[in-house]
Amino acid sequence: MSTVDQSVTLKEEDFSLDERLEGMRLAGLLTAQTLDMLVEHVAPGMRTDDLDKLAFEFAMDHDCIPAPLNYRGFKGSICTSLNHVVCHGIPGARTLKEGDIINLDVTLIKNGWHGDSSRMFPVGEISRKAERLINITYECLMRGLNVVKDGATTGDIGHAIQTYAESENCSIVREFCGHGLGRVFHTKPNILHYGEAGRGTRLESGMFFTIEPMINLGRPDVKVLGDGWTAVTRDKSLSAQFEHSIAVTDTGFEIFTKSPKNLDTPPYKLT
């Protein structure tokens, strides 16, 4: 068995915390760099499968595996969720148009470790309501992050997100949640984006998970289309999402997927 094969078969408990952190930092960095690379390509006229191809090529160039590709039959290397698509949009022939908003969700596996992150991208000039939704959703993510610490609970995260979103007359998608990750793509704990402070799973230093609120301008109800993946708002209102992979630390949290170019939220200004 090759060294690569041995690395993949090792379980999380086979690594020290320092080794786990090192693996997650590298996977998270490469995931963030993928999203940074895509910034200049999100423009009117670009097809979503062209964005997918760029992400796939980046992964291959950096000896990574795109985790979504063939995951339970998914046909893309990334998820491309446009306008009223909440999550899990499948890349295809759809051409981006002026005024669209799109969530690009990237998960790369590097040396067996998963980095998972998503960002919203405006396509050209967007409406004020779309811009407002993007800003509210990013603030939801940050408010969820900022309550993370050893001894806090998953309910604290959900409560912080829900309280802010609903104060801005937006709604929380409840069918999907954040999740633990590491050597496995999706594992415990589940991170609900709504809830009661003090309830849920107690957070402990060394836990790894995602926070990825999905926020709708309209009602929270969603449905999954016939492809078995694409989730959309039932009322066709706009939806947005941001996601980071993080670790709980003794003093708070560490973001693995922070953009090295400070491109975590629009407007994205390339230098």
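For the structure itself, consult the block above.
All chains use their own residue numbering, which begins from 1 and follows the written sequence. Local features in this predicted model are restricted to residues of pLDDT 70 or higher, and side-chain atom pairs are both shown and tallied only at a pLDDT of 80 or more, whereas totals for entire chains, interfaces and linings draw on every residue. Note: side-chain values were computed over all heavy atoms of the structure, leaving out hydrogens and water.

Draft legend 1. Local environment of the pattern of salt bridges. In the sections that follow, a salt bridge refers to a side-chain nitrogen of Lys or Arg positioned within 4 Å of a carboxyl oxygen of Asp or Glu. The final tally for this structure, using the stated rule, is twelve salt bridges. One salt bridge in this structure joins Asp 36 and Arg 119, with 2.8 Å as the shortest N-O distance. Within this pair, whereas Asp 36 is found in helix H2 (residues 17-38), its partner Arg 119 is found in strand S5 (residues 113-122), the two being separated by 83 residues in sequence. Like Arg 119, Asp 36 is buried. Residue Glu 196 pairs with Arg 199 through a salt bridge whose shortest N-O separation is 3.5 Å. Only runs of H or I of at least four residues qualify as helices and only runs of E of at least two qualify as strands under DSSP, and these elements are numbered from the N terminus. Categorising residues by exposure relies on relative accessible area from a 1.4 Å probe, with only protein chains included: less than 20% of the type maximum marks a residue as buried, more than 50% marks it as exposed, and the intermediate range marks it as partly exposed.

Draft legend 2. Main features of helix H3 (residues 48-61). Counted at 1.5 Å a residue, the expected span for H3 with its 14 residues is 20 Å, and the 20 Å between its end C-alpha atoms agrees. Taken as a whole, H3 has its buried residues at Thr 48, Leu 51, Asp 52, Ala 55, Phe 58 and Ala 59. Seen along its axis, H3 keeps its buried residues to an arc of 125 degrees; they face one direction. The exposed residues of H3 that point more than 90 degrees off its buried face are Lys 53 and Asp 61. On its buried face, H3 is in contact with H2, strand S1 (65-66), strand S2 (79-82) and strand S4 (101-110). Expected span of a helix: the number of residues minus one, times 1.5 Å. By definition, the arc is the one covered by directions from the helix axis to the C-beta atoms. Contacts are assigned to residue pairs with any non-hydrogen atoms lying within 4.5 Å of each other.

Draft legend 3. The nonpolar core, seen in detail. Take the buried residues of types Ala, Val, Leu, Ile, Met, Phe, Trp, Tyr and Cys, join any two whose side-chain atoms come within 4.5 Å, and each joined set is a nonpolar core. The biggest cluster of nonpolar side chains holds 51 residues, and the ones touching the most others in it are Leu 51, Ile 102, Leu 104, Phe 209 and Ile 211. Counting residues per element, the ones that place at least two in this core are H2, H3, S4, S5, helix H4 (128-145), helix H5 (154-167), strand S9 (208-211) and strand S14 (244-248). Here this core gets nine residues from one element, more than from any other, and that element is H4.

In short, geometric facts, not functional conclusions.
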